[in-house]
Amino acid sequence: MDVKRLQQDVQVRWNSSLYMLQSILEQKRALSLYAADYSLPATLTANQWTLMEKTAEVLAPFEELTRDVSNPTASAADVIPAITALKRVLSPEKTTDQGVRTMKSTPLEGVETRFAEVDEKPLYSIATLVDPRYKDRFFTKSDNLRLATDNLILEVAKIERAASEEPEAAEPMRKTPRQEASSSSLGSVLDEILEENQLEARSVSTSADVQVQTYLSEQTSPRKSNPLDYWKDNASRFPSLVTVATRFLCAPCTSVDSERLFGAVSNVLDEKRNRLSPDRVEMLIFLKKNLHLIVKPESE
């Protein structure tokens, strides 16, 4: 039989409070029997046990989200879906207990304040759109979704424009028929700008827009799947969109993995192993973090 130990709260780690409550609730029966047998001067009341259960219930989604975004494979695409899901979990409509509602209101206000404009930031919005697991399903405001889609179309158009301007594919400029000059220099500039925007809008709508709209209209991938596998299989269907996806899906959503890397360095280079050259240390750390990507397990 495994020995059970009560977890202690650590002031600098918020999730330790949840682990402490969960360990106490797990040993509720044993603690109650011990308190009754030894006549302890102070015991927990029924209301206090109920309060701990409700507190652990409220904190559990935060702990789950923390684990998900701290995963080495988590990317910037996971930010908007995680916040949207967390807001729904903390919404008052999800519970009828007034105490739990009050307890959820404070963290919900904090989430809404800190992440009020995350949908408008291109890094997170475009990364979410090009992730086949999420696409446009997690945007709560139609204006933000429209803005994110327009930004994605512009990114795809930039890729196509850069590909068309390569020397191999370049064609000699054709002379356009001379139009009647405007009555003023300002008028000619206005006509020039209008013509440029019309040409750009026409090219976007015929190619980049088609790729984006076709991609978004398809069914999302399973949530546990790897988005890079999807783009590897569909690179020929969306040649410009896959370039945008590889750029935005490589951005991590937290600095946890970087901090873990610093911790790994302290395990390789210490007081008893201090004669390693910087290049050797770099190679050892690289192998430690990426060896599982290079060498496949024998079972596979």
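Just so you know, these numbers come straight off a predicted model, no measurement behind them.

### As for helix H3 (residues 46–69)
Here H3 contains 24 residues, and its C-alpha end-to-end distance of 36 Å stays within 8% of the 34 Å for a straight helix at 1.5 Å per residue. Of all the bends found along H3, the most pronounced is centred on leucine 59 and spans about 30°, while proline 61, a proline, follows it within four residues. The set of residues buried in H3 consists of Trp49, Met52, Ala56, Val58, Pro61, Phe62, Glu63 and Val69. On its buried face, H3 is in contact with helix H1 (15–26), helix H2 (28–38), helix H4 (79–90) and helix H5 (98–114).

### A closer look at the nonpolar core
Grouped together as the largest cluster of nonpolar side chains are 39 residues, with contacts concentrated most on Val130, Leu152, Trp231 and Leu241. By size, the runner-up hydrophobic cluster in this structure holds 6 residues, among which are Leu21, Ile24, Trp49 and Met52.

### Points about the layout of surface pockets
Within this model, the largest pocket holds a volume of roughly 1500 Å³. Residue lining of the largest pocket: 42 residues in total, with Asn71, Thr73, Ala74, Ser75 and Asp78 positioned closest to the centre. Of all elements in the fold, only H3, H4, helix H9 (227–233), helix H11 (256–268) and helix H12 (278–294) reach the threshold of two or more residues within the lining of the largest pocket. Residue composition of the lining of the largest pocket, grouped by class: 21 nonpolar, 11 polar and 10 charged.

### What about the packing of helix H7 (residues 142–164) against helix H10 (residues 239–248)?
Any two packed helices are characterised by the angle at which their axes cross and by the distance between the axes. Where H7 contacts H10, the axes come no closer than 9 Å and their chain directions differ by 115°. Our classification of the angle between H7 and H10 gives roughly perpendicular. Note that H7 runs across H10; the crossing there is right-handed. Contact residues: Leu152, Glu155, Val156, Ile159 and Glu160 in H7; Ser240, Leu241, Thr243, Val244, Arg247 and Phe248 in H10. In terms of residue class, the contact of H7 with H10 is made up of 6 nonpolar, 2 polar and 3 charged.

### Some words on the confidence of the model for the protein
Of the residues in the protein, 83% reach a pLDDT of 70 or more, and the chain-wide mean stands at 81. Between the elements of the protein, mean pLDDT differs from a low of 63, seen in helix H8 (residues 185–217), to a high of 93, seen in helix H6 (residues 122–129). Under a pLDDT of 50 for its full length, residues 175–186 has, in the predicted model, 3 contacts with residues more than four places off or in other chains. Taken together, the stretch residues 197–204 has pLDDT below 50 and engages in 6 contacts with residues farther than four places along the chain or on a different chain.

### Points about the pattern of salt bridges
If charged atoms from side chains of opposite charge come close, those side chains can pair. Under the criterion given, the structure shown has 10 salt bridges. Across the pair aspartate 78 and arginine 133 runs a salt bridge whose closest N-O atoms are separated by 3.3 Å. Here aspartate 78, found in the loop between H3 and H4, pairs with arginine 133, found in the loop between H6 and H7; they are 55 residues apart in sequence, far enough to count as distant. Residue class for aspartate 78 comes out buried when judged on its relative accessible area of 11%. Measuring nitrogen to oxygen at the nearest pair gives 2.7 Å for the salt bridge that ties aspartate 131 to arginine 133. Residues aspartate 131 and arginine 133 agree in their burial class; the two are buried. Through salt bridges with shared partners, a single ionic network connects Asp78, Asp131 and Arg133.

### A few points about the packing of aromatic side chains
Within this structure, the stated rule accounts for 7 aromatic pairs. For the pair tyrosine 215 and phenylalanine 238, a centre-to-centre distance of 5.9 Å together with 75° between the ring planes defines the contact as edge-to-face. One end of the pair, tyrosine 215, is in helix H8; the other, phenylalanine 238, is in the loop between H9 and H10, with 23 residues separating them in the sequence. In this structure phenylalanine 238 comes out as buried when scored by relative accessible area, which is 3%. Taken together, the aromatic side chains of Tyr215, Tyr230, Trp231 and Phe238 make up a single cluster linked through ring pairs.

Quick notes on the rules
Residues numbered from 1 in each chain as written. Predicted model: local features only at pLDDT ≥ 70, side-chain atom pairs only at ≥ 80, totals over all residues. Heavy atoms only, no water. Helix = DSSP H or I, 4+ residues; strand = E, 2+ residues; numbered from the N terminus. Expected span 1.5 Å × (residues − 1). Bend = angle between axes of the 7 residues up to and from the residue. Buried < 20%, exposed > 50% of the residue type's maximum accessible area, 1.4 Å probe, protein only. Contact = heavy atoms within 4.5 Å. Core = buried A, V, L, I, M, F, W, Y, C linked by side-chain atoms within 4.5 Å. 1 Å grid on protein atoms, 1.4 Å probe; cavity = no way out; pocket = protein on both sides within 12 Å on 5 of 7 lines; lining within 4 Å. Points joined across faces, edges and corners; volume = space filled by probe spheres on them. Nonpolar A, V, L, I, M, F, W, Y, C, P; charged D, E, K, R; others polar. Axes fitted to C-alpha atoms, helices over the stretch in contact; angles between N-to-C directions. Parallel < 35°, antiparallel > 145°, perpendicular 65-115°, else oblique. Left-handed = near helix turned anticlockwise from the far one by under 90°. pLDDT = per-residue confidence, 0-100. Salt bridge = Lys/Arg side-chain N within 4 Å of Asp/Glu carboxyl O. Phe/Tyr/Trp six-rings, centres within 6.5 Å; stacked < 30°, edge-to-face > 60°.

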